[in-house]
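Here is how the chains run, residue by residue.
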Amino acid sequence: MVAALALDPSGRILAVKRAVEPAAGEWCLVCGFMEILETPEEAVLRELREEAGVNGAVKRLIAALYEPSPAYGSVIVLGYEISVEGEPKAGTDALEARFFTPHELPRLAFSSHRRMVGERVHPGPN
């Protein structure tokens, strides 16, 4: 699975309100599963287009995190910092898509996403 810590030029964080389970109606980072023959970087950029209607550029891999999953038992989440421009628009699997300042960001449904954002907002020692 891939997830995007997508930041606009002012440093706001892109989040989507999920339209599907797990965590329907809750906020999360743009995320999704890779397709066959797709690289993780291609997957995260595709998910940005599909879920939030924005294009982005991969800056760097920021996390490889374990996430318990009710559907799959567990998944590994590859988190990427992405720079994006433009206004998001909810697409597939999303009810809403918008940018938040770090202090406005609602609680994110998935622990891996909370850890990715926490490291960006409050960097700690490795």
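Right above here is the structure, for reference.
What you are looking at is a predicted structure, and each value in this text was computed from that prediction instead of being measured.

Remarks on the overall build of the chain
Here comes step 1: When you go through the chain residue by residue, the secondary structure sums to two helices and seven strands.
Here comes step 2: Each helix and strand of the chain, ordered N terminal to C terminal, gives the series β-β-β-β-α-β-β-β-α.
Here comes step 3: What you see for the chain is a C-alpha radius of gyration of 13 Å, in line with the 14 Å of a compact globule of 126 residues.
Here comes step 4: Each principal axis of the C-alpha atoms in the chain carries an extent, and together these give about 35 × 35 × 30 Å.
Here comes step 5: In the chain, which comprises 126 residues, the proportion classed as buried is 41%.
Here comes step 6: Long-range contacts, defined as pairs at least 24 residues apart, comprise 65% of the intrachain contacts of the chain with a sequence gap of at least 6.
Here comes step 7: Summing over all exposed atoms, the chain offers an accessible surface of approximately 6800 Å²; the carbon and sulfur share of this is 54%.
Here comes step 8: Looking at the chain, you have 13 positive and 18 negative side-chain charges, and the mean spots of the two groups are 5 Å apart.

Describing the layout of surface pockets
Here comes step 1: Of the voids in this model, the largest pocket is the one considered here, and its volume is about 410 Å³.
Here comes step 2: Its residues placed into classes, the lining of the largest pocket shows 13 nonpolar, five polar and seven charged.

Observations concerning the nonpolar core
Here comes step 1: Leu14, Leu48 and Ile82 are the most contacted members of the largest nonpolar core, which totals 38 residues.
Here comes step 2: Tallying contributions element by element places strand 1 (residues 2-7) first for this core, with six residues.
Here comes step 3: Discounting residues that sit within four places of it in the chain, leucine 14 has contacts with Ala6, Leu29, Val30, Leu48, Ala52, Val54, Pro88, Ala97, Arg98 and Phe99.

Digging into helix 1 (residues 40-52)
Here comes step 1: Between its first and last C-alpha, helix 1 extends 18 Å over 13 residues, near the 18 Å set by a 1.5 Å rise per residue.
Here comes step 2: Contacts made by the buried residues of helix 1 are with strand 1, strand 2 (13-18), strand 4 (30-32), strand 5 (56-69), strand 6 (73-84) and strand 7 (94-100).
Here comes step 3: Following helix 1 by one or two positions, glycine 53 adopts a phi angle in the positive range, close to 65°.

Considerations on the side chain of glutamate 38
Here comes step 1: Mapping glutamate 38 onto the fold places it in the loop between strand 4 and helix 1.
Here comes step 2: Separated by 2.8 Å, the side chain of glutamate 38 and the backbone nitrogen of glutamate 35 make a polar contact.

Let's talk about the pairing of strand 2
Here comes step 1: Among the six residues that make up strand 2, five are buried, leaving the element largely enclosed by the rest of the structure.
Here comes step 2: Sheet topology places strand 2 next to strand 7; six bridges connect them, and they run antiparallel. The partner of alanine 15 across the bridge, within strand 7, is arginine 98.
Here comes step 3: As paired elements, strand 2 and strand 3 (residues 27-28) share two bridges and run antiparallel to each other.

What counts and how
Residues numbered from 1 in each chain as written. Predicted model: local features only at pLDDT ≥ 70, side-chain atom pairs only at ≥ 80, totals over all residues. Heavy atoms only, no water. Helix = DSSP H or I, 4+ residues; strand = E, 2+ residues; numbered from the N terminus. Rg over C-alpha atoms; globule rule 2.2 N^0.38 Å. Buried < 20%, exposed > 50% of the residue type's maximum accessible area, 1.4 Å probe, protein only. Contact = heavy atoms within 4.5 Å. Areas by Shrake-Rupley, 256 points an atom, 1.4 Å probe, with all protein chains shown as cover. Lys, Arg positive; Asp, Glu negative; His and termini not counted. Charge placed at Lys NZ, Arg CZ, Asp CG, Glu CD. 1 Å grid on protein atoms, 1.4 Å probe; cavity = no way out; pocket = protein on both sides within 12 Å on 5 of 7 lines; lining within 4 Å. Points joined across faces, edges and corners; volume = space filled by probe spheres on them. Nonpolar A, V, L, I, M, F, W, Y, C, P; charged D, E, K, R; others polar. Core = buried A, V, L, I, M, F, W, Y, C linked by side-chain atoms within 4.5 Å. Expected span 1.5 Å × (residues − 1). Polar contact = N/O pair within 3.5 Å; in protein donor to acceptor, adjacent residues only side chain to side chain. Pairing = 2+ DSSP bridges.

Treat this as a map of the structure, not an account of what it does.
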